[in-house]
Amino acid sequence: MCGIVAYVGPRDAQPILLDALGRLEYRGYDSAGLAILNGHGVQVRKKSGRIEELAKACRAKPVEGRSGISHTRWATHGAPTDANAHPHLDASGKLALVHNGVIENYLELKDRLAKAGHKFASDTDTEILAHLVGDCFSQNQEKGEVRLIEAVRKALKQVQGTLGIAVIHSDLPGLVVGARRGSPLVIGVGNGENFLASDTQALAPYTNRVVILQDQEIVALHADRFEVASPLGQKADVRVEEIENGVTASDKGPHPHFMLKEIHEQAETVRNAFRGRLDADEATAKLGGLNLSSEDLRRVERIFVLGCGTALHAGMVGKYLIETLAKIPVDTQHASEFRYGDSPVHEKTLFFAVSQSGETADTLGALREAKRRGFRCLGICNNVSSTIARESDGGVYMHAGPEIGVAATKSFTSQVVIFTLLGLLLGRQRSLSAAHGREILEALDKLPDQILALLQESASIQRAATAYAKARSMLFLGRLANFPIALEGALKMKEVTYIHAEGYPSAELKHGVIALIDKETPSVLIATQDGVYDKNLGSLQEIKARGGPVLAVAHGDDAKVAGLADVVFRVPRTHELVQPILNVIPLQLFSYHMAVTLGRDVDKPRNLAKSVTVE
Ligand code: F6R
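What counts, and at which threshold
Residues numbered from 1 in each chain as written. Predicted model: local features only at pLDDT ≥ 70, side-chain atom pairs only at ≥ 80, totals over all residues. Heavy atoms only, no water. Helix = DSSP H or I, 4+ residues; strand = E, 2+ residues; numbered from the N terminus. Rg over C-alpha atoms; globule rule 2.2 N^0.38 Å. Buried < 20%, exposed > 50% of the residue type's maximum accessible area, 1.4 Å probe, protein only. Axes fitted to C-alpha atoms, helices over the stretch in contact; angles between N-to-C directions. Parallel < 35°, antiparallel > 145°, perpendicular 65-115°, else oblique. Left-handed = near helix turned anticlockwise from the far one by under 90°. Contact = heavy atoms within 4.5 Å. Nonpolar A, V, L, I, M, F, W, Y, C, P; charged D, E, K, R; others polar. Arc of directions from axis to C-beta. Pairing = 2+ DSSP bridges. Expected span 1.5 Å × (residues − 1). Bend = angle between axes of the 7 residues up to and from the residue. Near = heavy atom within 4 Å. Polar contact = N/O pair within 3.5 Å; in protein donor to acceptor, adjacent residues only side chain to side chain. Areas by Shrake-Rupley, 256 points an atom, 1.4 Å probe, with all protein chains shown as cover. Domains from an automatic or database assignment. Buried area = accessible area lost by both parts, 1.4 Å probe. Salt bridge = Lys/Arg side-chain N within 4 Å of Asp/Glu carboxyl O.

### Brief notes about the overall build of the protein chain
The helix and strand inventory of the protein chain stands at 19 helices and 26 strands. Relative to a compact globule of 615 residues, whose C-alpha radius of gyration would be 25 Å, the protein chain shows 26 Å and is just as compact. Across its three principal axes, the protein chain shows a C-alpha extent of roughly 80 × 55 × 45 Å. Within the protein chain, buried positions represent 60% of all 615 residues.

### A word on the packing of helix α16 (residues 482–497) against helix α19 (residues 579–597)
Packing of α16 against α19 leaves a shortest axis separation of 9 Å and a crossing angle of 15°. In terms of orientation, α16 lies roughly parallel with respect to α19. Along this stretch, α16 crosses α19, giving a crossing that reads as right-handed. Only Pro 580, Asn 583, Val 584, Leu 587, Phe 590, Ser 591, Tyr 592, Met 594 and Ala 595 of α19 make contact with α16, whose side of the interface consists of Asn 482, Ile 485, Glu 488, Gly 489, Lys 492, Met 493, Val 496 and Thr 497. Residue composition of the contact of α16 with α19, grouped by class: ten nonpolar, five polar and two charged.

### Observations regarding helix α15 (residues 458–468)
Looking at α15, one finds that the buried residues are Ser 458, Ile 461, Ala 464, Ala 465 and Tyr 468. Looking straight down α15, one finds its buried side chains confined to an arc of 120°; they lie on one side. In α15, the exposed positions angled more than 90 degrees off the buried face are occupied by Arg 463, Thr 466 and Ala 467. Those residues of α15 hidden inside the fold are in contact with α14 (434–455), β25 (550–555), β26 (567–571) and α19.

### Focus on the sheet that holds strand β13 (residues 226–229)
Taken in spatial order, the six strands line up as β5-β6-β7-β8-β12-β13 in an open sheet, and their pairing is antiparallel. Pairing within the sheet leaves two strands with one partner each, and these edge strands are β5 (88–89) and β13. Sitting on the sheet, helix α4 (residues 125–139) is in contact with β5, β6 (95–103) and β7 (161–169), with an inclination near 130° to β6.

### Focus on α14
Compared with an ideal rise of 1.5 Å per residue, which puts 22 residues at 32 Å, α14 spans 32 Å between its outermost C-alpha atoms and is within 8% of the ideal. The largest bend along α14 reaches roughly 45° and is located at Leu 447, with the proline Pro 448 sitting one to four residues downstream. Considered for burial, the residues of α14 that qualify are Gly 437, Ile 440, Leu 441, Ala 443, Leu 444, Leu 447, Pro 448, Gln 450, Ile 451, Leu 454 and Leu 455.

### Details of the sheet that holds strand β19 (residues 349–355)
Read from one edge to the other, the open sheet built from five strands follows the order β18-β17-β19-β20-β21, with strand pairing classed as parallel. The outermost strands of the open sheet, each flanked by one partner alone, are β18 (330–334) and β21 (395–397). In this sheet, neighbouring strand axes are inclined to one another by 20° on average, regardless of whether the strands run parallel or antiparallel. Bridge count for strand β17 (residues 302–307) against β18 is five bridges, and the pairing is parallel. When the bridges of β18 are listed, Val 305 appears paired with Thr 332. Sitting on the sheet, helix α11 (residues 361–372) touches β17, β19 and β20 (377–381), and the angle it makes with β19 is about 165°.

### Considering the site of the ligand
With respect to spatial proximity, 14 residues lie near the ligand, and among them Ser 355, Gln 356, Ser 357, Thr 360 and Glu 495 are the closest. In the environment of the ligand, an oxygen atom lies 2.6 Å from a nitrogen or oxygen atom belonging to the side chain of Ser 355. The separation between an oxygen atom of the ligand and a polar main-chain atom of Gln 356 is 2.7 Å. Protein contact buries 90% of the 410 Å² of open area that the ligand shows by itself. Listing elements by their share of the shell around the ligand, those giving two or more residues are α9 (309–326) and α16. Both domains that meet at the shell around the ligand, namely domain 2 (256–455) and domain 3 (456–602), each give it at least three residues.

### Focus: the domain arrangement of the protein chain
Here the domain parsing of the protein chain yields domain 1 (3–248), domain 2 (256–455) and domain 3 (456–602). Each side of the interface is counted separately: domain 2 has 35 residues, and domain 3 has 35 residues. Between domain 2 and domain 3, roughly 3000 Å² of surface is buried when both sides are summed, and carbon and sulfur atoms account for 74% of that area. The largest per-residue losses of area from domain 2 upon contact with domain 3 belong to Met 259, Tyr 320 and Leu 454, which jointly make up 22% of the total buried on that side. Counting every contact that joins domain 2 to domain 3 gives zero salt bridges. Joining domain 2 to domain 3, the criterion identifies 16 residue pairs in polar contact (both at pLDDT 80 or more). Within the residue set of the side of domain 2 that touches domain 3, elements represented by two or more residues are α6 (258–264), α7 (266–274), α9, α13 (410–428) and α14. Per element, the largest residue contribution to the side of domain 2 that touches domain 3 is eleven residues, and it comes from α14. Classifying every residue of the side of domain 2 that touches domain 3 by side-chain character gives 23 nonpolar, eleven polar and one charged.

So this is what it looks like as structure tokens:
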């Protein structure tokens, strides 16, 4: 999704901005631009397409200057053209602005500004905001930097929607004003230079000292200082935090793509998700970050899990785990549906918001809605400094390290591990026996080695990918806890290959989906030996009887499935409740190898963004 980087300091801004924008590429974007102040007004360069196009334009016509703002845009209002790329200028041409988010009342504002004689050069909501701030600036009587800060404050009062912005004005060189409402923004604190960015990844080579702006705050950034103020203009307290250095393209190691690297990291990330959280003596899990006493946890009668995409699929596996281990009824809902719906919720419900990035607008909105209704809401996040992590009443971190590939992989398995721990903890406070609890602990402990063994199957999965890459449509089928794994397999396939894929509970086949089966439509069936194994074998036969190719996820020693399926993705055997974590990995590898075979942009699939910070 859109990215912002701004710089003020003694160095040439252009190379810094281009480099830092490159570090945000993983988020997904379709155009990029920058604006630099150099004593000759605001110099803007912007281009649709990759950052390399912008870099070419900058090489052809370089801009010198020591302060500037830049942006990667993921189109919402208006196509991804040069004209719609950010930065946008105000009517005077002296003020430039970049923006993440959506201005909901932009049509109304546009109408008002147009009536006052403003002319617009783009179809974007952002240009309207630039004109509005410019208008407030020209009407303000204040002098110096206060004039721009107050103009931003006044303009934002008229705006509805989400935003993170950075603004410069040619009358005020050496100043960048930033503001956030809903969209994240951090200050990067350097030595004699300062940065503003929507994502700490952008700052990796420049500084590891950051200040996370709170919602509604405004910052005035200079080379040697910065001041953060509340929406009412009072000086805000700031806390400089040290963060781990971000990931760079060279961190792919021997892997050609981040997606493959992250799939391979799962032996380690799964271990990180349970490290220090297993209590062998009590046959339970320890999750101190929940901020809930054993008594609080015993009083929980219902659980509600909110998330989007892959995170919701993890929650759906979580439902199965918690209901089985702890016998607590669990609802799962798309965060986007919950936040505007009327779902009645039992008063003794504990909410979980699941989000790798911790910045997903729909999940954040749903979390706020649950909290507004008075419920305790916990987060399951990877990004520890994210808004969801900070606004939750407690939670569990994934400790999976940065996930750069747009398609979520390692975060999913970490989330499922965390739900297993939750099921275990809640179960052991209820009727789950120590013996059963111990079985789960032992299964978790063995997972990393089993994942390493499973990853050895990559070559055979690659061969299957070559054989099936021409498919135009695919089905993914599984039952119970493996139904969300089927959904996740289908989502991965759609995202990175652009092949149409659907996930269904296997038994739903005969209720309509079976009409799609033909020899051109492969079905991926999850058929590891569990309570519904025979039922899955029945589905396998139904598909084969209609000429459909079947690729089955099955235990390595399963001769029955091997005799029936066209291809078998072999997985090690583990406890039935832990098995989904292993079953998803061949599906991740399969979609990865299909995407590579098809020549897709694996880490940055078209139209997608890593962190979806708009509704
Ligand atoms: C799928 C994918 C998305 C995200 C979803 C939620 O590969 O990446 O479906 O899972 O946008 O993102 P987070 O977890 O950051 O809230």
